Amino acid sequence: MSKQNWNPDSWRDFPINQQPDWPQDQLRKTMDKVQQMPPLVFAGEIEELKKNLAACERGERFLLQGGDCAEDFSRCNAVPIRETLKVILQMAVVMTYAANKPVVKVGRIAGQYAKPRSKPFEIIDGIELPSYRGDCVNGPEPTLDARTPNPERLLQAYFHSTATLNLLRAYVHGGYADLHKVHVWNKEFLANSPQGMRYEKLASKIDDALSFMEACGLRELPQLKEVEFFISHEALILDYERALTRQDSLSGRWYDCSAHMVWIGDRTRQPDGAHVEFFRGINNPVGLKVGPTMKEDELIEMIDTLNPNNESGRLTLISRFGSDKVRQHLPNLVKRVKQEGRNVLWSCDPMHGNTFTATTGYKTRDFDKIATEIREFFHIHRENDSIPGGIHFELTGENVTEVKGGAQKIDDHHLQERYLTNCDPRMNCQQSLEMAFQIAEMLQA
Ligand code: PEP
Ligand code: CO
């Protein structure tokens, strides 16, 4: 297929992976409705994130992207949303303080409803059922009814995204993210943990610094009162993304207004596939997952397709190899990108290459392996005079038991206690904060 003329529907002429088997008529009607709906975000905000990511690329800022593996409609409530925002704010404070550089905060939130699956079907209690593909497609319950893809869920996803984003905007601009609240973010069950206490000390130092600045007359600095918080998700279901793709009236440029940033997953990044075709024409900052099967030449080709003008802040490469494979794969890719002078932001997803099944049958990850992949990521970039510019986590602010290890020493038998995820295991709030302290040290090194 020729890659000459892009339009918001040109992806339809390319082979596509990971799409549900929808009833087409109903899909079309529902997408017509979504297309009538207001955008979730607008071009000015999207460009603002792009500027922030360009700064990460230059090493002047650091990207922190995180949230659920898969958001769950039934958990679209104030508490989980607030807790996730809170832990991201806390992590950002820890990292900013250590590295002396601003942290760009991007949630995997307000739209992370679609999941690629390795198998289209699974067998549960002897019955073959379509795999769960995320709440915007089907339900996780093991019945044929729940698992049948239902386009109405895409409209529901739109409304759940708007409700989530509305609350996030209220928190972020309504005073909750004010740096004077650093202590408030440290809630009880965290405050008594080693990380919570470590955080508390840091928060007191920030308080002192704020008092000092105020004594000097620097009272109303907007930077202290509000933060910027952006939203992102894997743009997997292209019918939905297309319905929210709009032409900016000022610039004439197209933006996917379902989120500020969208990324292409490791399973849908075929150079001649529909996802790459769709992504190349939208002007959002885009992410590309880079896993063990990515070849050097292929990566350069993808970079040139997705970012033909070599624009800074446009393309984030999110490496996800696994702690035991990152040494084998990442150095050559980093060298080649550097040698070819391509402007990209390198970020590390230490989650998806480190997933395994515990002896108790739960899908999990090990805290130390996650930390090891991040450490290797930092080393490899520094050895090659490249910038380790960001991090990408699956995490939640809630006190779940899904990832093993960390100071709480969660083991195989603890996993069942509060294992809430519908998809991949997330670090809980203590593990997330503990990880932030480790990254802070890596950033300082
Ligand atoms: C994800 O980020 O949830 C995901 C599925 O990752 P990947 O595409 O890297 O496997
Ligand atoms: Co995941």
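That block above? That's the structure.
Colleague: Mind laying out unusual backbone geometry, listing which residues take part and the relevant values?
Modeller: Although it is not a glycine, Asp385 adopts a positive phi angle of roughly 55°. Within the secondary structure layout, Asp385 lies in the loop between helix H13 (367-383) and strand S14 (388-394). The phi torsion at Lys409 lies on the positive side, around 50°, for a residue other than glycine. Relative to the elements of secondary structure, Lys409 occurs in the loop between S14 and helix H14 (429-444).

Colleague: Describe the sheet that holds strand S1 (residues 62-67), with residues and values.
Modeller: Reading around the barrel, the eight strands line up as S1-S2-S5-S8-S9-S10-S11-S14 and close back on themselves, with parallel pairing between neighbours. Taking the axes of each pair of neighbouring strands and ignoring which way they run, one obtains an average angle of 25° across the sheet. Pairing analysis gives three bridges linking strand S8 (residues 261-264) to strand S9 (residues 286-290), with the strands arranged parallel. Bridge pairing in S9 links Val262 to Val286. Where helix H12 (residues 326-339) meets the sheet, it contacts S9, strand S10 (315-319) and strand S11 (345-348), and its direction lies at approximately 165° from that of S11.

Colleague: If you had to explain the coordination of the cobalt ion (ligand 2) to someone new, which residues and values would you point to?
Modeller: Looking at the cobalt ion (ligand 2), the protein donor atoms are Cys69 (SG), His352 (NE2), Glu394 (OE) and Asp424 (OD), and they sit 2.1 to 2.5 Å from it. Read in sequence order, the donor residues coordinating the cobalt ion (ligand 2) give the pattern C-x282-H-x41-E-x29-D. In this pair, Cys69 sits in the loop between S1 and helix H3 (78-99) while Asp424 sits in the loop between S14 and H14, placing the two residues 355 residues apart along the sequence. In terms of burial, Cys69 and Asp424 fall into one category: buried.

Colleague: Mind laying out the environment of Leu63, listing which residues take part and the relevant values?
Modeller: Along the chain, the position of Leu63 falls in strand S1. Not counting the four nearest positions on each side in its chain, Leu63 is found in contact with Leu53, Cys56, Val104, Val106, Thr316, Leu345, Ser347, Gly389, Gly390 and Ile391.

Colleague: Before we move on, can you summarise the packing of aromatic side chains with the specific residues and values?
Modeller: Inspection of every chain in the model, using the stated rule, returns eight aromatic pairs. Ring geometry for Phe278 versus Phe279: centroids 6.0 Å apart, planes at 85°, classification edge-to-face. Its relative accessible area of 0% is what places Phe278 among the buried residues. A residue is classified by how much of its surface remains accessible, and Phe279, at 0% relative accessible area, is buried. Here the aromatic cluster, defined as three or more aromatic residues joined through ring pairs, consists of Phe62, Phe377 and Phe378.

Colleague: How would you sum up the pattern of salt bridges? Please name residues and give values.
Modeller: Taken as a whole, this structure holds 35 salt bridges when the rule is applied. Salt-bridge contacts for Glu83 lead to Arg82; the nearest nitrogen and oxygen are separated by 2.8 Å. On the basis of relative accessible area, Arg82 is assigned to the partly exposed category, the value being 26%. Across the pair Arg147 and Glu122 runs a salt bridge whose closest N-O atoms are separated by 2.6 Å. Taken together, the residues span a long stretch of sequence, with Arg147 in helix H4 (residues 144-147) and Glu122 in strand S3 (residues 121-124) at a distance of 25 residues. If you follow the salt bridges from partner to partner, you end up with Glu296, Asp297, Asp304, Arg336, Glu340 and Arg342 in one network.

Colleague: Account for the side chain of His260, naming residues and giving values.
Modeller: Within the element layout of this structure, His260 appears in the loop between strand S7 (254-256) and S8. Its relative accessible area of 2% is what places His260 among the buried residues. A distance of 2.9 Å separates a polar side-chain atom of His260 from the backbone nitrogen of Ile231. With sequence-adjacent residues up to four places away left out, His260 is seen in contact with Val41, Glu45, Ile46, Leu49, Phe229, Phe230, Ile231, Asn284 and Pro285.

Colleague: Pulling in residues and values, what's your account of the site of ligand 1?
Modeller: Close contacts around ligand 1 come from Arg108, Lys115, Pro116, Glu234, Trp263, Gly265, Asp266, Arg267, Lys289, Arg320, His352 and Glu394, and that covers them all. Take Arg320: an N or O atom from its side chain is 2.6 Å from an oxygen atom of ligand 1. Side-chain polar atom of His352 to an oxygen atom of ligand 1: 3.0 Å apart, as the coordinates give it. The fraction of the free accessible surface of ligand 1 (300 Å²) that becomes covered by protein chains is 97%.

Parameters at a glance
- Residues numbered from 1 in each chain as written.
- Chains lettered and ligands numbered in written order.
- Predicted model: local features only at pLDDT ≥ 70, side-chain atom pairs only at ≥ 80, totals over all residues.
- Heavy atoms only, no water.
- Helix = DSSP H or I, 4+ residues; strand = E, 2+ residues; numbered from the N terminus.
- Pairing = 2+ DSSP bridges.
- Axes fitted to C-alpha atoms, helices over the stretch in contact; angles between N-to-C directions.
- Contact = heavy atoms within 4.5 Å.
- Donors = N, O, S within 2.8 Å, 3.2 Å for Na, K, Ca; no water.
- Buried < 20%, exposed > 50% of the residue type's maximum accessible area, 1.4 Å probe, protein only.
- Phe/Tyr/Trp six-rings, centres within 6.5 Å; stacked < 30°, edge-to-face > 60°.
- Salt bridge = Lys/Arg side-chain N within 4 Å of Asp/Glu carboxyl O.
- Polar contact = N/O pair within 3.5 Å; in protein donor to acceptor, adjacent residues only side chain to side chain.
- Near = heavy atom within 4 Å.
- Areas by Shrake-Rupley, 256 points an atom, 1.4 Å probe, with all protein chains shown as cover.

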